[in-house]
Amino acid sequence: MADNTDLVGHRVFFVGADSGIIPDVFLEDLIIYGIETYRIHETSTKAMLQKLELTAQLFPSSIFFFYIDMPLEGIQWSELILKFLKNHQAESHVGIMYNKRSMDGERLAIEKLYTAMKIDCGFIPLSLRRAQNFPVILQHLEGCGVRGQRKHIRVQCGPASTATFFIREAGRRIPAVMMDFSMNHFSCIINEADIMPPYDTHEDVLIQANGLRFRTDCKKIMERDSEVGKLFVFVFLQKDGTAGLEDDTRFKVQSKIYELSTEATKNLQQEAFSEFLKRKREGITLEALCTQAVQEVRLNKDKH
């Protein structure tokens, strides 16, 4: 699977999978691997179909994994997926998730049915033991190339975000403006007047960014001049010198990165759904209503 999103990866939507199937922790953990994932799940089949169509139009070239063991009212999964492929196969990608079957014949029948529809992202059989499903899902998504060439998801810092370096032997501190951070590293700008010491490793740096506050060790991996000061890039270090964040900090940062990196997509989904609900439904198809709502959302976005 290859297209113009190979560099930054594809959004992944799990359709029909509630938190009992795909827990929030799975979505957050996938961020560590540079994979951006969401759920499309509603108790009403009608509402779920509306959000699915809106999402497909808002975010072309996304990947949709349909969990076909969720009960639907008024429509079969095979019928729904066939219709979705007819409307979106040219730009979207489709895979199937299902609970493991004890009989090979049942599994083969499922896979034969959807293979005939020419889905392009394969099948993910799920165990009743949820913890066993994460590595299976991760391996399958990586095999589909969902993250493209992106190794880490990076988020931009708010205007008040800072990093403070404590140079204890000199009895001073060096303030920096945080630019962005990921699970692996952060970048910051330091005023030209604040001369950094010549060594690369720093201990107990205070990070305050986007509502996060934590201390970490770090190692410089890049330094260059910019128009507003010196730009530095640091890799996070644990106390034993291992790359990465300490466990208690890692979970906080991971959760925040998921929140920030998915916020824009979730807001657009909600805005499009609100626009959809405002519109009359007489004599117009679901697809056409969604197109109107998506066009309005994009028009509003361009204005801002």
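Preceding this paragraph is the structure being described.
Presented here is a report on the structure given in the accompanying data block. Note that the coordinates shown come from a computational prediction; the quantities given were computed from them, not determined experimentally.

Here we look at the pairing of strand E2 (residues 37–40)
Argument step 1. Bridge count between strand E1 (residues 12–15) and E2: four bridges; the pairing is parallel. Counterpart to Phe13 in the pairing with E2 is Tyr38.

Brief notes about the packing of aromatic side chains
Argument step 1. Inspection of every chain in the model, using the stated rule, returns 15 aromatic pairs.
Argument step 2. Between Phe64 and Phe84, the ring centres sit 5.1 Å apart and the planes meet at 65°, which makes this aromatic pair edge-to-face. Taken together, the residues span a long stretch of sequence, with Phe64 in strand E3 (residues 63–67) and Phe84 in helix H3 (residues 77–88) at a distance of 20 residues. As far as burial versus exposure is concerned, Phe64 and Phe84 are alike and both buried.
Argument step 3. Through pairs of rings, three or more aromatic residues link up here, namely Phe13, Tyr38, Phe59, Phe64, Phe66, Trp77 and Phe84.

Side note on the environment of Ala163
Argument step 1. Mapped onto the elements, Ala163 comes out in strand E7 (residues 162–167).
Argument step 2. Judged by its relative accessible area of 0%, Ala163 falls in the buried class.
Argument step 3. For the pair Ala163 and Ala176, spaced 13 residues apart in the sequence, the C-alpha separation amounts to 5.1 Å.
Argument step 4. Those residues in contact with Ala163 that lie beyond four places of it in its chain are Ile174, Pro175, Ala176, Met178, Phe186, Val205, Leu206 and Ile207.

Observations regarding the packing of helix H1 (residues 24–32) against helix H5 (residues 133–143)
Argument step 1. Relative orientation of the contacting elements H1 and H5 amounts to 45°, with a least axis distance of 11 Å. Accordingly, the angle class assigned to the pair H1 and H5 is oblique. The crossing of H1 and H5 is right-handed. Taking contact as the criterion, the partners of Phe26, Asp29 and Leu30 in H1 are, on H5, Asn133, Phe134, Ile137, Leu138 and Leu141.
Argument step 2. Classifying every residue of the contact of H1 with H5 by side-chain character gives six nonpolar, one polar and one charged.

Quick word on H5
Argument step 1. Restricting attention to buried positions, one finds in H5 the residues Asn133, Phe134, Ile137, Leu138 and Leu141. Buried residues of H5, seen end-on, are gathered within an arc of 130° and therefore sit on one face of the element. What points out from H5, more than 90 degrees from its buried face, is the exposed set Gln139 and Gly143.
Argument step 2. One or two residues past the end of H5 sits Gly145, with phi positive at roughly 70°.

Considering helix H2 (residues 45–58)
Argument step 1. Here H2 spans 20 Å end to end across 14 residues, near enough to the 20 Å set by a 1.5 Å rise per residue.
Argument step 2. Burial within H2 is extensive, with eleven of its 14 residues counted as buried.
Argument step 3. Listing the buried residues of H2 in full gives Thr45, Ala47, Met48, Gln50, Leu52, Glu53, Leu54, Thr55, Ala56, Gln57 and Leu58.
Argument step 4. Check the buried side of H2 and you find it contacts E1, E2, E3, H3, helix H6 (247–278) and helix H7 (286–303).
Argument step 5. Backbone nitrogen of Lys46 and a side-chain oxygen of the N-cap are separated by 3.3 Å at the start of H2; the cap is Ser44.

Notes on the sheet that holds strand E4 (residues 93–99)
Argument step 1. The five strands lie next to each other as E2-E1-E3-E4-E5, forming an open sheet whose pairing is parallel. In this open sheet, the two strands that pair with only one neighbour each are E2 and strand E5 (123–126). The mean inter-strand angle of the sheet, taken between neighbouring strand axes irrespective of direction, is 25°.
Argument step 2. As defined by bridge partners, E3 adjoins E4 across five bridges and the pair is classed as parallel. Counterpart to Ile63 in the pairing with E4 is His93.

What counts and how
Residues numbered from 1 in each chain as written. Predicted model: local features only at pLDDT ≥ 70, side-chain atom pairs only at ≥ 80, totals over all residues. Heavy atoms only, no water. Pairing = 2+ DSSP bridges. Helix = DSSP H or I, 4+ residues; strand = E, 2+ residues; numbered from the N terminus. Phe/Tyr/Trp six-rings, centres within 6.5 Å; stacked < 30°, edge-to-face > 60°. Buried < 20%, exposed > 50% of the residue type's maximum accessible area, 1.4 Å probe, protein only. Contact = heavy atoms within 4.5 Å. Axes fitted to C-alpha atoms, helices over the stretch in contact; angles between N-to-C directions. Parallel < 35°, antiparallel > 145°, perpendicular 65-115°, else oblique. Left-handed = near helix turned anticlockwise from the far one by under 90°. Nonpolar A, V, L, I, M, F, W, Y, C, P; charged D, E, K, R; others polar. Arc of directions from axis to C-beta. Expected span 1.5 Å × (residues − 1). Polar contact = N/O pair within 3.5 Å; in protein donor to acceptor, adjacent residues only side chain to side chain.

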